[in-house]
Amino acid sequence: MATRALPNWRKLLRTARQHTGHAMLDRRHVYILPTRSGLLFGLLLLGMLLGAINYSLSLGFVLTFWLVGLGVVAMLHTWRNLAHLAITPGRTAPVFAGEPAVFRFILADRHHRARYAIGLKHGNDPPVLGDVPAGSTTEIALALPTPRRGWLRPGRITVFTQFPLGLFHAWGYVELEAACLVYPRPAPPGTPLPRFSLQAAARGRHATEGDEDFSGLRGYRTGDSMRRIDWKSSAREQGLYTKEFQGQGRHLLWLDWEMAAGRDTESRLALLARWALDAHAAGLAFGLRLPATEIPPGQGEAHLQACLRALALFGEAP
Amino acid sequence: MSEAPRLSLIRWLLFALGLALLPHFAHLVSWVPLLALGLGLWRYRLAATRRPLPGTWLLLPLTLAVAAGILVSYGGLFGRDAGVALLVLMTALKTLEAKSRRDFTLTVYLGYFLCICAFLFSQSIPLAAYMPLPLLALTATLVGINHTDGALEGVLRFRLAGAMLLQAVPVMLALFVLFPRVPGPLWGIPQDTARGVTGLSDDMSPGSISALSRSDAVAFRAIFRGAPPPSATLYWRGPVLWNFDGRTWRAGERPIPLPGPAYQAEGPPVEYTVTLEPHHKPWLFLLDLPAKVPGIGVLTTDYQALARQPVRQRLRYEAASHLEYREASRLDAHTRARALQLPPYGNPRARQLAERWRAENGDPLAIIRQALALYNAEFTYTLTPPPLGASPVDGFLFDTRKGFCEHFAGSFVFLMRAAGIPARVVTGYQGGQANPLGDYLIVRQSDAHAWAEVWLEERGWMRIDPTAAVAPQRVELGVAAALPAGEPLPALARMEMTWLKRLELGWDAVNNGWNQWVLGYNQQRQMEFLARLSGSRPEWGDMALWLTGLLTLVVGASAALLLRPGWPAQDPAQRAWRRFQNRLARAGMPPRPAEGPRDFTERAARQLPRSQQQIRQIGTLYLQLRYGGLPDHDGIARLQRLVRQFHPR
């Protein structure tokens, strides 16, 4: 789609400035070059011109020059299709490494002119195209690969268009302050949750274990009654859990960096992420202890996100 | 981005190509455009039924078969006609393998090329008026191809394509007027461009000019500076024929350029401008003895004006001629021999008659008078003479006695030569039809004529028109006046000034302007035009400068117009609301910046209790229309009426 005629030269033209909140493709930052189709069109016009000269066709000249004019006008149209387009980053949801990070960009027209077939492109990925109605906005989502955990910044995004005639490729670069948090890729399911730490015992509620109301799950310990095993979660391959009932002591699960010892850093983080997910799915309260961070035990979606965030940003400058 | 474009796009592409194909029906061998049409319909059918396109196993033999068909029909694959036929069919075949966006773009380009190829065969006003149609359809298709998924509305595509074509017109005009015209051809013009052009030929035999007289095609048009001379004096000289083989008159030797003038003018020259239709022969038709020969031609010893190249395009030239003169050239022995040449045998009765005249009275003038008297007494002027046998001169002079100008001119020169008077046949055109609507003279093929010139001692070459002896109206009023009713003359050459003919003359005047200013806008015309603009003859450098300047101006202006921000589109409800707000503002209640329609209405209703009901009604209706979701034309009309009737009190 894009002309790849002068990639190196284009690198030299790279003048995308670091934008903060939003970017406006102003006049000086929209570039334009003919596409391969455009060059072919030029060749066609040359052939038509030579034919008109050879056969002294006055109307041949008229037609040729009309198409030349059309080419010039197409250039202006392509250019204005892009010029003064405002781009703001939209909300980005965190993802696990390996899943595509979806960056949403909001393209806004403030010149009361409908823009058609505007494409966003990151690196050599296939572009995504959309229309912007006059005086309105459109959201275009770019899915970027997430090879590793941490903050993913899309960096330079190419905004381009070849509308209306495909003779010219107009483009501009934006570098927006968009970032997507990438959680570590969780270890494959099946690693059981570590045994409970002894905190619960210290609270001395172990003795009051009774068969009253169901209150939650805890990791399976040898000796637990077969009847209390939560087969549902084991069927989900989330490991073996034992159902706890009201009156049973509320055990607090600490997911500790040290528990995942014996592996490299990334594998440890992956394992911790898996545990956090499992614990969350099982409805357990858990805390996270990393060398520099400690998240007190808690439950719920927000808590899980906080833990995963800590894992994602482990070792990175805050 | 190579997903298959939508069906509607394919439909439009094929439709646009069909529009570009349409003018080619007029000149292509009929199976070619029909096959192209069939291939297009097949392509559409495949797309509509979502069936796969044919593979190479089918397309390749089909392509070869098409090429073979053209080879048979046109006798070759190259040359103008065969080339265009090939282009038409290859474009149709290309649609059958077009899948991707790139293929579709290429097909549209081929469509543009088809458009220009149509002009190779005709540059008439109707065709020129038609051409924007395929151009618009092709451009709209190109817009559709380049939209994200080809889903852009058809109306929008056409509106955008139309706007762009209109915006392209200034550039086109600037280039048309100022782009330096290089006179063609750059490479050889194929011979087939000359096919089917009617006009004088370089020989004359009985029936050749009467055949030409049935055509009302325009040979050339002429404008005189000052009053046009009388019709009877308008002898437009074409090829001069010297050699006679018993049936056909031919030019014989190659004409040689005239070293210097050999006549005395008796009166001022007539000045005129001729716009000559291409006839693919070198003759430039001038009146009698040219005083000024156009720069592109030379004058020969027998006073033919010949262009250095055959006239392949419409040619405009200025010339001046003397209609009153005294030719006083001397005949050298060689020329005298040519002017007395007769075949060694044949037509004995004519020879005997000439011998008898010479024996009776040796004076050439007396012999001429006798010959003319003979024609005048017993001959009939007709477009449909009876056929002549092996001795055409004898047959005409003594048996049939019915003939057209070539019979009279040919037999007259034969008689003169047989009587020992040097003579030659001159062909060309005589007279012409004045077009009162354009103040110019139309000379048609039906005005083709042949006459004789005899050389007399002391007098030099002198024109004798034996046809005038038979039918004087021919030279005074034109061929239609001289022929009896019922002769197969073309309608336009006839005398009656019917409304149809008036219409035709008007149309011819329009065509003449078109020819002069659009089709005939060549290097010469361009230079004249620019010289008139600037006051001096422009150089190439000046033209380049002007062109650059004008293009910069045109493109700059287009850019400025195109790139300014558009107007915010308001819906009718919003416009009515704005008017309502303005009325209230004039009544001293401007809307506050942070005030929505609801608050504004409430405040207004409170402040203007007397208009309270109306204000509430408008406010509710506006909110309903603007935020209610569904378009409601009745509601908008009601809102507009309410606002119109609203006068805050």
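Cut-offs applied
Residues numbered from 1 in each chain as written. Chains lettered and ligands numbered in written order. Predicted model: local features only at pLDDT ≥ 70, side-chain atom pairs only at ≥ 80, totals over all residues. Domains from an automatic or database assignment. Contact = placed C-beta atoms within 7 Å. Helix = DSSP H or I, 4+ residues; strand = E, 2+ residues; numbered from the N terminus. Nonpolar A, V, L, I, M, F, W, Y, C, P; charged D, E, K, R; others polar. Core = buried A, V, L, I, M, F, W, Y, C linked by C-beta atoms within 7 Å. Buried ≥ 20, exposed ≤ 12 C-beta atoms within 10 Å, placed from the backbone. Pairing = 2+ DSSP bridges. Axes fitted to C-alpha atoms, helices over the stretch in contact; angles between N-to-C directions.

### Quick look at the domain arrangement of chain A
Residues and elements named next belong to chain A.
Then, number 1: Partitioning chain A into domains gives domain 1 (7-183) and domain 2 (199-312).
Then, number 2: Taken together, the contact between domain 1 and domain 2 spans five residues of the former and six residues of the latter.
Then, number 3: Per element, the largest residue contribution to the side of domain 1 that touches domain 2 is three residues, and it comes from strand E12 (residues 180-183).
Then, number 4: Counted by class, the side of domain 1 that touches domain 2 contains three nonpolar, one polar and one charged residues.

### Regarding the nonpolar core
Then, number 1: Core analysis: the biggest nonpolar cluster contains 139 residues, and Leu63, Val159, Ala276 and Leu311 of chain A together with Val88 of chain B have the highest contact counts within it.
Then, number 2: In terms of residue count, helix H3 (residues 58-82) of chain A provides more of this core than any other element does, 15 residues in total.
Then, number 3: Grouped together as the second largest cluster of nonpolar side chains are 81 residues, Ile209, Val311, Ile368 and Phe396 of chain B included.

### Considerations on the sheet that holds strand E11 (residues 168-175) of chain A
All names here are of chain A.
Then, number 1: As summarised here, the arrangement of the five strands in space is E2-E11-E10-E6-E7, forming an open sheet in which the pairing is antiparallel. Whereas interior strands pair on both sides, the edge strands pair on one side only; in this sheet they are strand E2 (31-34) and strand E7 (128-132). Pairwise comparison of adjacent strand axes, ignoring direction, gives a mean angle of 30° for this sheet.
Then, number 2: Taken together, the six bridges between strand E10 (residues 156-161) and E11 define a ladder with antiparallel strand orientation. Its bridge partner lying in E11, Ile157 is registered against Val174.

### A word on unusual backbone geometry
Then, number 1: At the junction of Phe163 of chain A and Pro164 of chain A, the peptide bond is cis and its omega measures out at 5° in the coordinates.
Then, number 2: Along the polypeptide, Pro164 of chain A turns up in the loop between E10 and E11.
Then, number 3: Non-glycine residue Asn347 of chain B carries a positive phi angle of around 50°.
Then, number 4: Backbone geometry places Glu458 of chain B, a non-glycine residue, at a positive phi of 75°.
Then, number 5: Assignment of secondary structure puts Glu458 of chain B in the loop between strand E20 (448-456) and strand E21 (460-464).

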